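Read off the chains here:
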Number of protein chains: 2
Amino acid sequence: MGISFKKQQFDAREEAIIDAVNHLLSEKGFDLMTMDDVADRVGIAKGSLYKHFSSKEKLAAAALTRLLKATLEELDQLPAEMPAVEQLKHILAWSLRLRLQGGVPHLPSTSVSLQRSLMLNLDYMTVALRVNKRFHGLVAKARSDGALTPEVPDDVLVFTLYSRACDPTVDFLIRDNKLSHEQIVDAIVYATMGGFLAR
Amino acid sequence: MGISFKKQQFDAREEAIIDAVNHLLSEKGFDLMTMDDVADRVGIAKGSLYKHFSSKEKLAAAALTRLLKATLEELDQLPAEMPAVEQLKHILAWSLRLRLQGGVPHLPSTSVSLQRSLMLNLDYMTVALRVNKRFHGLVAKARSDGALTPEVPDDVLVFTLYSRACDPTVDFLIRDNKLSHEQIVDAIVYATMGGFLAR
DNA sequence: GTCTATACACCGATAGAC
DNA sequence: GTCTATCGGTGTATAGAC
């Protein structure tokens, strides 16, 4: 029984590759990231890279899928009695913090070419749909709690949650260097959610 | 005296080129837009394109500069007695409408490579700084009017105004096809500004 | 499965005829 | 100034030795 050493090593390398992809996606975006960049950063040859992932799109899909799974896990560990609005704030803050640590890729929305290929990726789409369902559920619950303004439809809030993860405002604020990371998180969460709350 | 017919024709062609660039930037973004795309869309040869703009970066800079100038003109024509907050809402709605009409490029923030070259472009930077000053002035005025929440610094609002112009939420909502363009504008303006208003 | 080497396509920019 | 043709460079992906 158990997993062979070889297999463990293989998996560890794949994790290392995805780590590298995450950083590169957040630094350069999908279009500008090259397979050479990835190989160099991991410290293997480009040819070897293709033994793990058969295309650049598959590589990015794997990185984004891991991110979405982590999002679900983060939501799962929240206490069930936490109000839906607070859960939404929490997951927004969580994704912003990930981004500030340099580990989170820009969302697919930044690259039209990547978007298309992701739609055809079953693994990615499965997790993406689960995350989407989860977000919609939370928004609906917050709505029925009376926490949200009737002025803005549910969809706008859900899409906004995705969008804030790749909001250039974060980059601007980092470069501006006036606010600490926690201040950036607080300000963006406050400003973002504030627009959706009942007054 | 006056401008020769030749010169007029030349200028008209440059305008047509920039129009094409605007559309292509919004569809594909800077990195995926090729000079062949631009030439094809305008209906001229690629070689001819380089007689007007000596590089791809110059081309994008010209398009973005024209956009920023239009932003200033839009602000200039607002009545001076309009409250600063209303002016901010107006310019946000204006840029969202431009985007919904397919005429506005993603912001430079989507491409790291473009960002760098823009910093070195005097024409662009001059206008960009003027727009920035204008935005900061309006935010400061809104602040002194007591219209803004003390919870969020001025910079965050200014950067947010830029960021909303390339917010993928818009793309999501268009594809979703549940809201009309005006509903999208209203919802985003309401949700965006709502997070910054005093409560 | 890792490497080096290379095929193949695309793109930005230029050359040169008209 | 417009065109066609092409150069030089780069990037994805593959081939083949070990």
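This write-up is about the structure you can find in this document. As the structure is a prediction and not an experimental result, all values here were calculated from the model.

Considerations on the overall build of chain A
In terms of regular secondary structure, chain A is built from ten helices and zero strands. For 199 residues, the compact-globule formula gives about 16 Å, and the C-alpha radius of gyration of chain A, at 18 Å, lands near that figure. Judged by the C-alpha coordinates and their principal axes, chain A covers about 55 × 45 × 30 Å. Out of the 199 residues in chain A, the part that is buried amounts to 50%. Within chain A, counting contacts between residues at least 6 apart in sequence, those at least 24 apart form 69% of the total. Summed over all atoms, the accessible surface of chain A reaches about 9,700 Å², with 55% contributed by carbon and sulfur. Taken together, the 24 basic and 25 acidic charged side chains of chain A have centroids lying 4 Å from each other.

Section: the packing of aromatic side chains
All chains considered together, the criterion is met by six aromatic pairs over all chains. Measuring from centroid to centroid gives 6.3 Å for Tyr162(A) and Phe172(B), while their planes differ by 65 degrees, and the two rings are edge-to-face. Remark: Phe172(B) occurs in helix H9 (residues 168-176) and Tyr162(A) occurs in helix H8 (residues 154-164); the pair is interchain, linking two chains. Each member of the pair, Tyr162(A) as well as Phe172(B), is classed as buried. When the ring of Phe135(B) is compared with that of Tyr162(B), the centres are 5.4 Å apart and the planes differ by 45 degrees; the resulting orientation is tilted. Residue Phe135(B) is found in helix H7 (residues 122-144), and its partner Tyr162(B) is found in helix H8 (residues 154-164); the two are separated by 27 residues along the sequence. An aromatic cluster is defined as three or more aromatic residues linked by ring pairs; in this entry it consists of Phe135(A), Phe159(A), Tyr162(A) and Phe172(B).

Describing the side chain of Asp155(A)
Note that Asp155(A) resides in helix H8. Asp155(A) has contacts with His136(A), Leu173(B), Asp176(B) and Lys178(B), leaving out every residue within four places of it along the chain.

Focus: the environment of Glu57(A)
Residues and elements named next belong to chain A. Within the secondary structure layout, Glu57 lies in helix H4 (residues 56-76). Since its relative accessible area comes to 31%, Glu57 is described here as partly exposed. With near-sequence residues (within four places) excluded, Glu57 lies in contact with Phe30 and Ser117.

Description of the relation of the copies chain A and chain B
At an RMSD of 0.1 Å, chain A and chain B line up after a rotation of 180 degrees and a shift of 0.1 Å along the axis. Such a combination of turn and shift is consistent with a two-fold rotation axis. Within chain A, Gly195(A) has its C-alpha nearest the rotation axis, a separation of 2.1 Å.

Here we look at the interface of chain A and chain B
Contacts between the two partners involve 38 residues from chain A and, on the opposite side, 39 residues from chain B. Of the roughly 3,200 Å² buried at the junction of chain A and chain B (both faces included), carbon and sulfur atoms supply 65%. Of all residues in chain A, Phe159(A), Phe172(A) and Tyr190(A) bury the most surface against chain B, accounting for 19% of the area lost on that side. In this assembly, chain A and chain B are joined by four salt bridges. Across the salt bridge formed by Arg164(A) and Asp167(B), the nearest N and O atoms sit 3.1 Å from each other. Our count for the chain A to chain B interface comes out at eight residue pairs in polar contact (both at pLDDT 80 or more). It is H8(A) that provides the largest number of residues to the side of chain A that touches chain B, a total of seven residues. In terms of residue class, the side of chain A that touches chain B is made up of 17 nonpolar, ten polar and eleven charged.

Notes on the protein's contact with DNA strand C
Around DNA strand C sit 16 residues in total, of which Arg13(A), Ala45(A), Ser48(A), Met35(B) and Tyr50(B) are the nearest. The sugar-phosphate portion of DNA strand C accounts for 63% of its atoms within 4 Å of the protein, the bases making up the rest. One of the side-chain nitrogen or oxygen atoms of Tyr50(B) is found 2.9 Å away from a phosphate oxygen of DNA strand C. Of all elements in the fold, only helix H1 (5-28) and helix H3 (46-52) of chain A together with helix H3 (46-52) of chain B reach the threshold of two or more residues within the surface near DNA strand C. Ranked by residues supplied to the surface near DNA strand C, first place goes to H3(A) with four residues. Residues of the surface near DNA strand C, tallied by class, amount to six nonpolar, six polar and four charged.

Brief notes about the protein's contact with DNA strand D
As a matter of local geometry, DNA strand D sits amid 16 residues, with Lys46(A), Arg13(B), Ala45(B), Ser48(B) and Lys51(B) nearest to it. Within 4 Å of the protein, the contacting atoms of DNA strand D are 60% sugar and phosphate, with bases supplying the remainder. Between Lys46(A) and DNA strand D, the recorded distance is 3.3 Å, taken from a side-chain N or O atom to a base nitrogen. Contact distances for DNA strand D include 3.0 Å between a phosphate oxygen and a backbone N or O atom of Lys56(A). Residue assignment for the surface near DNA strand D shows that the elements contributing at least two residues are helix H2 (35-42) and H3 of chain A together with H3 of chain B.

Conventions we followed
Residues numbered from 1 in each chain as written. Chains lettered and ligands numbered in written order. Predicted model: local features only at pLDDT ≥ 70, side-chain atom pairs only at ≥ 80, totals over all residues. Heavy atoms only, no water. Helix = DSSP H or I, 4+ residues; strand = E, 2+ residues; numbered from the N terminus. Rg over C-alpha atoms; globule rule 2.2 N^0.38 Å. Buried < 20%, exposed > 50% of the residue type's maximum accessible area, 1.4 Å probe, protein only. Contact = heavy atoms within 4.5 Å. Areas by Shrake-Rupley, 256 points an atom, 1.4 Å probe, with all protein chains shown as cover. Lys, Arg positive; Asp, Glu negative; His and termini not counted. Charge placed at Lys NZ, Arg CZ, Asp CG, Glu CD. Phe/Tyr/Trp six-rings, centres within 6.5 Å; stacked < 30°, edge-to-face > 60°. Least-squares fit on C-alpha atoms with pLDDT ≥ 70 in both. Buried area = accessible area lost by both parts, 1.4 Å probe. Salt bridge = Lys/Arg side-chain N within 4 Å of Asp/Glu carboxyl O. Polar contact = N/O pair within 3.5 Å; in protein donor to acceptor, adjacent residues only side chain to side chain. Nonpolar A, V, L, I, M, F, W, Y, C, P; charged D, E, K, R; others polar. Near = heavy atom within 4 Å.

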